[in-house]
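So you can see what is in the structure, the chains are spelled out below.
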Amino acid sequence: MSSSSDGTGTAARVLRLLDLLQSRPVWSGTELADRMGVTTRSVRRDVERLRDLGYPVNAAHGAGGGYQLGAGRRLPPLLLDDSEAVAVAVCLRLAAGGTVEGLGEAAVRTLAKLDQVLPGRLRAQVEAIHEATVTLDSGVERVDAATLLLLARACRETERVTFAYAGPRGSGERRVEPYRLVATGRRWYLLAYDLDRDDWRIFRLDRMTDAQSRGWRFSPREAPDAAEHVQRSISGGAYDHVARVRIEAPKSLVDQHVPASVGTVTAEGPDRSLFEAGGNDLGAMAMHLGAMPWELTVLDPPELRDVMREQAARMLRAAGGAGARDAGDTAHE
């Protein structure tokens, strides 16, 4: 057989060989030659080309032997058929949405790369499957996958983005230079330079609508630390309420029980800490604070103290406690 009997060039044949090696653990030289329509000598030459490119192709002789793609120091590019590409894209969208803990940011970066080369007909299939899928996530704010993709591409390509934003201090259109996406486990945030406010801002993706990138490029600025900005945002501006609570426990102990994504903890001495966190529901904030195993003093806001008194009164009444009446009277002072 001629090494080019199927009309393909060397590069196309090597890619075909790589595809075959990825699809099955072990191939004999004869099997590969038959599948590719070439001689076994051509297979050996193409295997050497793959090795020269850094792909660890192992060869074993004897019964059960053959060619096998080994694990390398770097992940080689995967060759996917249509069904495999759709499956990977769907799984990445689910992971990006928070259904797989710890994979959000990596999933978005990978999905942005895949989406760049995904044909339109396959992209439509992915979108149809995504729209037909419902996930149940406790405590996770869902965000639009298309918005995640658009922002990921804009960060990579340094393109300006516009979107409608409903923040705690009002709604309106924002024009930004996007720099970094940050996932906290419950929410997605965007670090961006706000062109109208001439300053860096953090935006919650679940408050965005109608995000668009019109291809306007910008020159990157020296950006601040995205994680630090998000942490400050979590403790303040991104929420309707900000709680300041004194905890009668050392910072090292509180840090072991309170995730960094929830709020900030600073030491106020060897056995006392200050906890700051933001939230949109005072009832939920009171409940979480009540579950802490230490003595607490709520410093701000006063409304949170009222909600905690009301919750305490209800719990005492539910338990039939003797102090229920006293707690109820105190709640309405």
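How each quantity is defined
Residues numbered from 1 in each chain as written. Predicted model: local features only at pLDDT ≥ 70, side-chain atom pairs only at ≥ 80, totals over all residues. Heavy atoms only, no water. Helix = DSSP H or I, 4+ residues; strand = E, 2+ residues; numbered from the N terminus. Polar contact = N/O pair within 3.5 Å; in protein donor to acceptor, adjacent residues only side chain to side chain. Axes fitted to C-alpha atoms, helices over the stretch in contact; angles between N-to-C directions. Parallel < 35°, antiparallel > 145°, perpendicular 65-115°, else oblique. Contact = heavy atoms within 4.5 Å. Nonpolar A, V, L, I, M, F, W, Y, C, P; charged D, E, K, R; others polar. Salt bridge = Lys/Arg side-chain N within 4 Å of Asp/Glu carboxyl O. Buried < 20%, exposed > 50% of the residue type's maximum accessible area, 1.4 Å probe, protein only. Phe/Tyr/Trp six-rings, centres within 6.5 Å; stacked < 30°, edge-to-face > 60°. Core = buried A, V, L, I, M, F, W, Y, C linked by side-chain atoms within 4.5 Å. Left-handed = near helix turned anticlockwise from the far one by under 90°. Arc of directions from axis to C-beta. Pairing = 2+ DSSP bridges.

## Observations regarding the side chain of Gln-311
Inspection of the secondary structure assignment puts Gln-311 in helix α11 (residues 302-319). At 2.9 Å, the side chain of Gln-311 and the backbone oxygen of Gly-283 are in polar contact.

## Describing the packing of helix α2 (residues 29-36) against helix α3 (residues 40-52)
Contact pair α2 / α3: the axes reach a minimum separation of 8 Å and the direction vectors enclose 100 degrees. In terms of orientation, α2 and α3 fall into the roughly perpendicular class. Contacts between α2 and α3 pair Gly-29, Thr-30, Leu-32, Ala-33 and Met-36 from the former with Thr-40, Val-43 and Asp-46 from the latter. The residue inventory of the contact of α2 with α3, partitioned by class, reads 4 nonpolar, 3 polar and 1 charged.

## Considering the pattern of salt bridges
Side-chain pairing between opposite charges can occur once the charged atoms of the two side chains come close. Applying the stated criterion across every chain yields a total of 17 salt bridges. With a closest N to O distance of 2.6 Å, Glu-48 and Arg-51 form a salt bridge. With Glu-48 and Arg-51 both in helix α3 and 3 residues apart, the pair spans about one turn of that helix. In this structure, Asp-306 engages Arg-309 in a salt bridge whose closest nitrogen and oxygen atoms are separated by 3.0 Å. Separated by 3 residues within a single helix, Asp-306 and Arg-309 lie in helix α11, roughly one turn from each other. A residue is classified by how much of its surface remains accessible, and Arg-309, at 31% relative accessible area, is partly exposed. Several salt bridges converge on common partners, so that one network encompasses Arg-13, Asp-46 and Arg-49.

## Section: the packing of aromatic side chains
Following the criterion strictly, the structure yields 6 aromatic pairs and no others. Ring plane angle 80 degrees and centroid distance 5.2 Å describe the contact between Phe-163 and Phe-203, whose orientation is recorded as edge-to-face. Residue Phe-163 is found in strand β3 (residues 161-167), and its partner Phe-203 is found in strand β6 (residues 199-204); the two are separated by 40 residues along the sequence. Exposure remark for Phe-203: the relative accessible area of 1% places this residue in the buried category. Centre to centre, the rings of Tyr-165 and Phe-203 are 5.1 Å apart; their planes meet at 85 degrees, and the pair counts as edge-to-face. You can see Tyr-165 sitting in strand β3 and its partner Phe-203 sitting in strand β6, a full 38 residues away along the chain.

## Considering the nonpolar core
Ranked by size, the top nonpolar core spans 32 residues in total, and within it Leu-151, Phe-163, Leu-181, Leu-190, Leu-205 and Met-208 carry the most contacts. At the level of secondary structure, the elements contributing two or more residues to this core comprise α4 (82-96), α5 (104-117), α6 (120-131), α7 (145-157), β3, β4 (170-183), β5 (188-194) and β7 (208-212). The dominant element in this core, judged by the number of residues it contributes, is α7, at 7 residues. Judged by nonpolar contacts, the second largest core, of 18 residues, contains Ile-247, Val-258, Leu-289 and Trp-294.

## Describing the packing of helix α1 (residues 10-23) against α2
As a packed pair, α1 and α2 sit with axes 11 Å apart at the nearest point and diverge in direction by 125 degrees. Between α1 and α2, the crossing angle belongs to the class labelled oblique. Seen from above, α1 lies across α2 with right-handed handedness. Residues Arg-13, Arg-16, Leu-17, Leu-20 and Leu-21 of α1 pack against Leu-32, Arg-35 and Met-36 of α2. For the contact of α1 with α2, the class distribution of residues is 5 nonpolar, no polar and 3 charged.

## Details of the environment of Ala-183
Within the element layout of this structure, Ala-183 appears in strand β4. Between the C-alpha atom of Ala-183 and that of Ala-227, which follows or precedes it by 44 residues, the distance is 9.3 Å.

## What to know about unusual backbone geometry
Comment: phi is negative for the bulk of residues other than glycine, and the bulk of peptide bonds are trans. Here the bond from Asp-300 into Pro-301 is cis, since omega is -10 degrees, no more than 30 degrees from zero. With respect to the helices and strands, Pro-301 occurs in the loop between β11 (296-300) and α11. Although it is not a glycine, Thr-158 sits at a positive phi angle of roughly 50 degrees. At Asp-210, a position not held by glycine, the phi torsion is positive, near 55 degrees. In this fold, Asp-210 is placed in strand β7. Taking the relative accessible area as the measure of exposure, Asp-210 reaches 55% and is therefore exposed.

## Observations regarding α2
Residues of α2 that are buried: Gly-29, Leu-32, Ala-33 and Met-36. All buried residues of α2 lie within an arc of 100 degrees about the axis, which places them on one face of the element. The elements touched by buried residues of α2 are α1, α3 and β2 (66-69). Note on α2: the residue one or two positions beyond its end, Gly-37, has a positive phi of about 70 degrees.

## Details of the sheet that holds β11
Across the sheet, which stays open at both edges, the 4 strands sit in the order β9-β10-β8-β11 with antiparallel pairing between neighbours. Unpaired on one side and paired on the other, β9 (264-267) and β11 mark the two borders of the sheet. Each neighbouring strand pair of the sheet contributes to a mean axis angle of 25 degrees, computed without reference to strand direction. Inspection of the sheet shows β9 paired to strand β10 (residues 273-279) by 4 bridges, in the antiparallel sense. In the sheet register, Val-265 faces β10, and the bridge partner there is Phe-275. The sheet contacts of α11 involve β8 (241-247) and β11, and relative to β11 the element is tilted by about 140 degrees.

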